[in-house]
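Geometric and topological summary
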Amino acid sequence: ARFAPLDAWFEVRAFPADDGLSVYFHDVTARETVTREHRESLAALQRLYAISSDRERGFEAKLDAMFDVGRGYLDLPNAFLTRIEGDVQTIEAAAADPPLLAAGETCPLEEAYCGRTVENDAVLTVVDAAAEGWADEPAYDRFELGTYVGGRVEVDGELYGTLCFADTEPRGEPFGDARRAFVALLTRWGSYELERGRARERIEREVR
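Per chain, residue numbering runs from 1 following the sequence as it is written. In keeping with the model being predicted, local features are shown solely for residues with a pLDDT of at least 70 and side-chain atom pairs are shown and tallied solely at 80 or more, while totals for entire chains, interfaces and linings include all residues. Each side-chain value is derived from all of the structure's non-hydrogen atoms; neither hydrogens nor water enter the calculation.

A short note on the overall build of the chain
As a reminder of what qualifies: The numbering of helices and of strands both runs from the N terminus, where a helix is a DSSP run of H or I of at least 4 residues and a strand a run of E of at least 2. The size measure is the radius of gyration over C-alpha atoms, and the globule rule it meets is 2.2 Å times the number of residues to the 0.38 power. A 1.4 Å probe rolled over the protein chains alone gives each residue an accessible area, and that area as a share of the maximum for its type sets the label: buried under 20%, exposed over 50%, partly exposed in between. Contact criterion: two residues are considered in contact whenever any of their non-hydrogen atoms come within 4.5 Å of each other. Here the accessible surface of atoms and residues is derived via Shrake-Rupley with a 1.4 Å probe, and residues count as covered only by protein chains that are part of the display. By the counting scheme adopted, Arg and Lys are positive, Glu and Asp are negative, and His together with the chain ends is not counted. Here the site of a charge means NZ on Lys, CZ on Arg, CG on Asp, or CD on Glu.
When its secondary structure is counted, the chain shows 5 helices and 9 strands. In sequence order, the chain lays out its α and β elements as β-β-β-α-α-β-β-β-α-β-α-β-β-α. Its C-alpha atoms give the chain a radius of gyration of 22 Å, clearly above 17 Å, the size a compact globule of 208 residues would have. Overall size of the chain, expressed as C-alpha extent along the three principal axes, is 90 × 45 × 30 Å. Residues counted as buried form 37% of the 208 residues belonging to the chain. Taking the contacts inside the chain whose residues are at least 6 apart along the sequence as the reference set, 50% of them involve residues at least 24 apart. Within the structure as shown, the chain displays about 12400 Å² of accessible surface, and the carbon and sulfur contribution to it stands at 48%. Averaged over its 24 positive side-chain charges, the chain has a centre that lies 8 Å from the centre of its 41 negative ones.

In structure tokens, the structure reads:
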């Protein structure tokens, strides 16, 4: 059972004793946390598979559904896909509240969180931007995002942009391996879908 005042889970065992009852409490918070995270991760991955394998949806519809799954699983309200050309970032698609994260918005790459994302092969995570030294960064000054997680999207082996989730508030706890892997999986899915779309366009041009 969960003991709310301590925000902890305990396994409680009671045994008869000569003088009444012996009760033993065992803190199983860590175990319960891992179990819950596994359930949440499995549910999110199952939803991703269902969306990606749905032949009735096009890329945009799938992306919107993926955004919804990611925002719920990561507990971050904003999701967006960017296109990076030269030193300019353009938001190609978004499910986000801040106006600067709306689809069609552009900014210099050096003023975007994604500027650091594309420098990494792994997923970039920011749990508390101000505490992690972002307060003096142009990206923080422009977007004021307290939490961010994103990864590179590549098409035909070349940088296309990024796929990201964010919040204006700090997260308060690190992203676990499962959540980082989830974002990495989404970036690979986006890369695959965009590559497939580009290949389809080439074939259509050749047929004409």
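That covers the picture; the talk isn't over yet.
Overview of the pattern of salt bridges
Where we set the bar: Any carboxyl oxygen of Asp or Glu within 4 Å of a side-chain nitrogen of Lys or Arg constitutes a salt bridge here.
Tallied over the full model, the rule gives 14 salt bridges. Here Arg-71 ties to Asp-68 by a salt bridge, and the two come within 2.8 Å at their closest N and O atoms. Highlighted residues: Arg-71 and Asp-68, both in helix H2 (residues 59–74), separated by 3 residues, approximately one helical turn. On the basis of relative accessibility, which here comes to 27%, the residue Arg-71 falls in the partly exposed class. What makes Asp-68 partly exposed here is its relative accessible area of 42%. Between Glu-85 and Arg-83 there is a salt bridge whose closest N-O contact spans 3.8 Å. Look at Arg-83 and you get partly exposed, because its relative accessible area is 23%. When salt bridges that share partners are traced, they join Lys-62, Glu-193 and Arg-196 into one network.

Brief notes about the sheet that holds strand E7 (residues 124–126)
Adjacent strands of a sheet form backbone hydrogen bonds with each other and so pair up, either parallel or antiparallel. Keep this limit in mind: Here, a strand pair is defined by DSSP locating no fewer than two bridges between the strands. Only C-alpha atoms enter the line fits that serve as axes; for helices the fit covers just the stretch in contact. Angles between N-to-C directions range over 0 to 180 degrees.
Judged by pairing direction, the sheet is antiparallel, and its 6 strands sit side by side in the order E6-E5-E4-E9-E8-E7 without closing on themselves. This sheet does not close on itself; its edge strands, each paired only once, are strand E6 (106–108) and E7. Strand-to-strand twist across the sheet, computed as the mean angle between neighbouring axes with direction ignored, equals 25°. Bridge count for strand E4 (residues 78–85) against strand E5 (residues 88–95) is 7 bridges, and the pairing is antiparallel. In the sheet register, Ile-84 faces E5, and the bridge partner there is Gln-89. Here H2 sits on the sheet and contacts E4, E5, strand E8 (147–155) and strand E9 (158–167); the angle it forms with E4, its principal contact strand, is near 125°.

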